[in-house]
Protein chains: 2
Amino acid sequence: MMRAAVCSLLLLVGLSAHAENRLTDPENTVTLELDDGIVVIELNPTFAPATSSQFKRLVRDGFYDGLGFYRVIDGFVAQGGDGSDMSEDENAEPTVEAEFDRDWQDELPFVSVQKADLFALETGFIDGFPAGRDLEAGKTWLAHCPGIVGMARGNEADSGSTDFYIVIGQAPRYLDRNITLFGRVVYGMDTVQRIRRGPPAEGGMISDPANSTIIRSARVLADVPDDGRLAVVVPDTNSDEFKAMFEARRHRTSEWFLSTPPAVLDVCQVPNSGSLQR
Amino acid sequence: MMRAAVCSLLLLVGLSAHAENRLTDPENTVTLELDDGIVVIELNPTFAPATSSQFKRLVRDGFYDGLGFYRVIDGFVAQGGDGSDMSEDENAEPTVEAEFDRDWQDELPFVSVQKADLFALETGFIDGFPAGRDLEAGKTWLAHCPGIVGMARGNEADSGSTDFYIVIGQAPRYLDRNITLFGRVVYGMDTVQRIRRGPPAEGGMISDPANSTIIRSARVLADVPDDGRLAVVVPDTNSDEFKAMFEARRHRTSEWFLSTPPAVLDVCQVPNSGSLQR
C-alpha cells in the first residue's frame, strides 16, 4: 500500500482544519477539570436560556467541584452531579423549567444538512449545535449527538435542577424534545470517553464515589483572569468553508471509495469540535 | 425527584439483561489485552471468511503482540497494527480479498430492525452483528456501528492485510460496503474508548509508538487452556426476548417520555454487547 492510501484515508475523516473558525463566548463557556484532562462545554442560551443560566450559577457557586460522574453507561451517557436526580432526598437546588424545543424564527442561522433522517424532518447546525427543525410546526430543537450536554430530569417536565449528562455513544435521538439540551462538548471528548463506567448490571450506577471520575473544578471561562484564560476555537458552522466541508462528505470523490455511498449525511457524524489556544 | 425517576431513567437504557443469551464460539473469539483492560472481539466468518481467517492466523503468529493503535481519531476509529497501511514499506504479509458484502441467502437469520434509514433499505441483526440488506439486489453486509471491527485497506479493493480499526464514534455508515468488516467488540468498549487519541491536526496519526496504546497480547480464545478460559456471553439476537427488547425501544411506554418519540430504531443504537464469565 503506497502513499496514495495515506491521502485517501485522511480524507475519510473530513478534516475541518480548513473551515473558518470562531471563538466561543467566554461567558457561555464552561471548563470541567477532570482527573486527567480538561473538558470544555459551550452553553446554548439560544435554546436553553434558563438551564444555561442555572448551570452557570451552580458552576460559580462551586456546586460541581468535587462531585463525580455517578451514572455512566458505555455507549450512552455519562451523568454527573450530586445524584439528587437518582435519590429520594429533597433537592436543595431549585428546579428549572423545561426547554425541550423552541419556536422557529427566521433569524436563527440554520444551516441545513439533511432532510428526513429517522428522527427529524430536517437536521442542520445552528451556531455550531446540531439541531432538528420542523417548519410546519414552527419548532426547532437541539439533537442528541455525541458530546451534547443535557439536564437530567425526573418524570415531570420541569424537574431538572443540577445533574447533567454528556452523550458518549451512538446518538440517542429518541430523547430529542424530551429533555433539555443546553450545551455541547467542544473540546476534550477523549477525556470524557475515559470517564469511569458503572456496572452495566446496575444501569451504570456507581454506588461508591471512590469509583467515580471526579470533577475537580468547574469554571465559567469568563471568570478566569485574562492572562490564564484559554481561547476556545470552534468551526464556524455558518461559514461557506464548513458547508463545503460537509457537502464534500455527502458527495465523496476520493478514489478510495470503490462504490459511492448514498448522498446523505448524519448530522451527528459531521465533525464540529474545536481546539484550545493559550 | 422521587424513586419513580430512577425506574424510568433505567428504562431509557433498554437493558438487555433479560434477553436470552448465547456463548460466542471460542474459535471465532479473539481477546486483546491492552494496558488497562481486556477487549473481546467476535469474528464473523459468515460475512468475512477470508479476513477472519487471516486475522486469526496473524493473532496466532503473535503478529499483533506489542503493536499499538497508531491512528486514533476521537469519534471515528482506533486503528492498530504495524502501520504498513500507512507507509510506503513493502508489507511482508499477504493481502486478503475484499469481503465488502455477500449474497443474500434465506438461511441467514436476519432479524429486521428498521426499514429505510439514511444508509440502507433495511437494517437488522444477523447472529449479533448489525447488518444492512437489499433483497432486490440480493445483497447483505455488516454495518459500521460503534464497536465494529474492519480491515484497513489502500485504494485497491483487495489491499487489506494486517491493520484493523475499531469504530469508536457515531456510526460512519458511509463506509458500509467499501471495506471489509469482520468482527465486533462484544466486551470492553470502555477499554477501547480509553485508547490514546492521536493529534487531530495529524489526522490522528501517532508518530511516536511510545504514545500509543499497546496490544500486549492477542489470543484466539480457543487456544487458551480450558481452566483459564473466559466464557463470553452475548445476547442472542435471534431470540424472542431480544426482539421484544428492541420493540420496546421502538414503542416507548414509560411515563418518563412526555412526548412519544418517532416509532423508529437506529440499528447502531440497539444495545447488543456481552459480558464475561470465568
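Here the structure is a predicted model, which means the values were calculated and not measured.

Calculation rules
Residues numbered from 1 in each chain as written. Chains lettered and ligands numbered in written order. Predicted model: local features only at pLDDT ≥ 70, side-chain atom pairs only at ≥ 80, totals over all residues. Heavy atoms only, no water. Pairing = 2+ DSSP bridges. Helix = DSSP H or I, 4+ residues; strand = E, 2+ residues; numbered from the N terminus. Contact = heavy atoms within 4.5 Å. Axes fitted to C-alpha atoms, helices over the stretch in contact; angles between N-to-C directions. Buried < 20%, exposed > 50% of the residue type's maximum accessible area, 1.4 Å probe, protein only. Patch = residues over 30% accessible without salt bridge, like charges linked within 9 Å, V, L, I, M, F, W, Y side chains within 5 Å. Areas by Shrake-Rupley, 256 points an atom, 1.4 Å probe, with all protein chains shown as cover. Salt bridge = Lys/Arg side-chain N within 4 Å of Asp/Glu carboxyl O. Lys, Arg positive; Asp, Glu negative; His and termini not counted. Charge placed at Lys NZ, Arg CZ, Asp CG, Glu CD. pLDDT = per-residue confidence, 0-100. Disulfide = S-S within 2.5 Å. Phe/Tyr/Trp six-rings, centres within 6.5 Å; stacked < 30°, edge-to-face > 60°. Lys NZ or Arg CZ within 6 Å of the ring centre and 35° of its normal.

1. Thoughts on the sheet that holds strand β9 (residues 129–134) of chain A
Residues and elements named next belong to chain A. Taken in spatial order, the five strands make up an open sheet running β6-β10-β9-β8-β7, and their pairing is antiparallel. On the outer flanks of this sheet lie β6 (102–103) and β7 (110–115), each paired with one strand and no other. With two bridges joining them, β6 and strand β10 (residues 139–142) adopt antiparallel strand pairing. The partner of D103 across the bridge, within β10, is K139. Relative to β7, helix α4 (residues 240–250) is tilted by about 5 degrees, and along the sheet it contacts β7 and β8 (122–126).

2. Some thoughts on unusual backbone geometry
The bulk of non-glycine residues show a negative phi, and the bulk of peptide bonds are trans. A positive phi angle, close to 50 degrees, is found at D127 of chain A, a residue other than glycine. Turning to its location among the elements, D127 of chain A is positioned in the loop between β8 and β9. Using a relative accessible area of 32% as the deciding quantity, one classes D127 of chain A as partly exposed. Here R177 of chain B, not a glycine, exhibits a phi torsion of approximately 70 degrees, which is positive. Within the secondary structure layout, R177 of chain B lies in the loop between β12 (164–167) and β13 (180–187). For R177 of chain B, a relative accessible area of 25% puts it in the partly exposed group.

3. Focus: the pairing of strand β10 (residues 139–142) of chain B
Residue and element names in this part refer to chain B. With four bridges connecting them, strand β9 (residues 129–134) and β10 associate as antiparallel partners. Of the residues in β10, the one forming a bridge with D134 is K139. Following β9, the chain reverses through four residues before pairing antiparallel with β10; G138 in that reversal takes a positive phi of roughly 70 degrees.

4. Considering a negative patch on the surface
On the surface, a cluster of negative charge is contributed by E97, E156 and D158 of chain A together with E255 of chain B. Within the element layout of this structure, D158 of chain A appears in the loop between β11 (148–151) and β12 (164–167).

5. Focus: the sheet that holds strand β15 (residues 231–235) of chain A
Residue and element names in this part refer to chain A. The strand order β1-β15-β16 describes an open sheet built from three strands, whose pairing is antiparallel. Across the chains shown, the open sheet's two edge strands, defined by having one partner strand only, are β1 (21–23) and β16 (275–277). Across the sheet, the axes of successive neighbouring strands diverge by a mean angle of 35 degrees, strand direction being ignored. In the sheet, β1 pairs with β15 via three bridges, with the strands oriented antiparallel. Directly across from R22, in β15, lies its bridge partner V234.

6. Quick look at the confidence of the model for chain A
All names here are of chain A. Summing up the model confidence of chain A, the mean pLDDT is 92 and the portion of residues at 70 or higher is 91%. Residue range residues 1–17 is modelled with pLDDT below 50. Its contacts to residues more than four positions away, or to other chains, number 51 contacts. Overall fold confidence for the complex sits at a pTM of 0.94, while the interface term, ipTM, reaches 0.93.

7. Some details on the state of the cysteines
Residue and element names in this part refer to chain B. Per the counting criterion, the structure on display carries two disulfides over all chains. With its sulfur 2.0 Å from that of its partner, C145 forms a disulfide with C268. Of note, the bridge from C145 to C268 carries an S-S torsion of about -70 degrees and is left-handed in sense. Separated by 123 residues along the polypeptide, C145 in the loop between β10 and β11 (148–151) and C268 in the loop between α4 (240–250) and β16 (275–277) bring together distant segments of the chain. In this structure C145 comes out as buried when scored by relative accessible area, which is 4%.

8. Describing the packing of aromatic side chains
Scanning all chains against the criterion turns up 22 aromatic pairs over all chains. Judged by centre distance (5.2 Å) and plane angle (45 degrees), the ring pair of F55 of chain B and Y64 of chain B falls under tilted. Both rings, one in F55 of chain B and one in F182 of chain B, keep their centres 4.9 Å apart while their planes meet at 55 degrees; by these two values the pair is tilted. With a gap of 127 residues between them, F55 of chain B in helix α2 (residues 49–60) and F182 of chain B in strand β13 connect regions that are remote in the sequence. The two residues F55 of chain B and F182 of chain B agree in class, both being buried. Among the aromatic side chains, those forming a connected cluster through ring pairs are F55, F63, Y64, F69, F164 and F182 of chain A. R177 of chain A extends its terminal NZ or CZ atom over the ring of W141 of chain A, reaching a point 4.0 Å from the ring centre. Above the ring of W256 of chain A, the side-chain terminus of R153 of chain B is found at 3.7 Å from the ring centroid.

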